[in-house]
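So the chains spell out like this:
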Amino acid sequence: MKKHTWYVTFELPWRGTAVRSRRSRSTQTFETEMEARNFARAKFDEGLVVTAGTIIPHLPRRAIPSGNIPSWLDEGQQQDSGNAAESADPQSRKIE
């Protein structure tokens, strides 16, 4: 069994004509932060309200409220592009 350490919760789109003030939410779990971030990005791009975080007892604990999701997603893009730039061409770090 794989150990999931991250979760992403998102608001389900409103369906039907029921007069309910309560919103439905769904949660999915992931093994890595990158998987969680990719899923959260897809749901956020659909216009859904998204929150994320680590599953207790995973340390360090991290909770990303819906207001911080855009910066968390940007943080992931910067890390991904930074790693790609470092590994793309080792000779580019040559000192002249």
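Residues numbered from 1 in each chain as written. Predicted model: local features only at pLDDT ≥ 70, side-chain atom pairs only at ≥ 80, totals over all residues. Heavy atoms only, no water.

**Some details on the nonpolar core**
Then step 1. By size, the foremost hydrophobic cluster in this structure holds 14 residues, and its most contacted members are Val8, Ile69 and Trp72.
Then step 2. Secondary-structure elements contributing two or more residues to this core are strand E1 (6-11), helix H1 (33-45), strand E3 (50-54) and helix H2 (69-88).
Then step 3. Ignoring sequence-local partners within four residues, the contact set of valine 8 consists of Ser26, Thr27, Gln28, Phe30, Ala36, Phe39, Ala40, Val50, Thr51 and Ala52. (Core = buried A, V, L, I, M, F, W, Y, C linked by side-chain atoms within 4.5 Å. Buried < 20%, exposed > 50% of the residue type's maximum accessible area, 1.4 Å probe, protein only. Helix = DSSP H or I, 4+ residues; strand = E, 2+ residues; numbered from the N terminus. Contact = heavy atoms within 4.5 Å.)

**Here we look at the side chain of threonine 9**
Then step 1. Here threonine 9 is to be found in strand E1.
Then step 2. With a relative accessible area of 11%, threonine 9 lands in the buried category.
Then step 3. Reaching out from threonine 9, the side chain makes a polar contact with the side chain of threonine 27 at a distance of 2.9 Å.
Then step 4. With sequence-adjacent residues up to four places away left out, threonine 9 is seen in contact with Arg25, Ser26, Thr27, Val49, Val50 and Thr51. (Polar contact = N/O pair within 3.5 Å; in protein donor to acceptor, adjacent residues only side chain to side chain.)

**Looking at the environment of tyrosine 7**
Then step 1. Topologically, tyrosine 7 is positioned in strand E1.
Then step 2. The class of tyrosine 7 is partly exposed, set by a relative accessible area of 23%.

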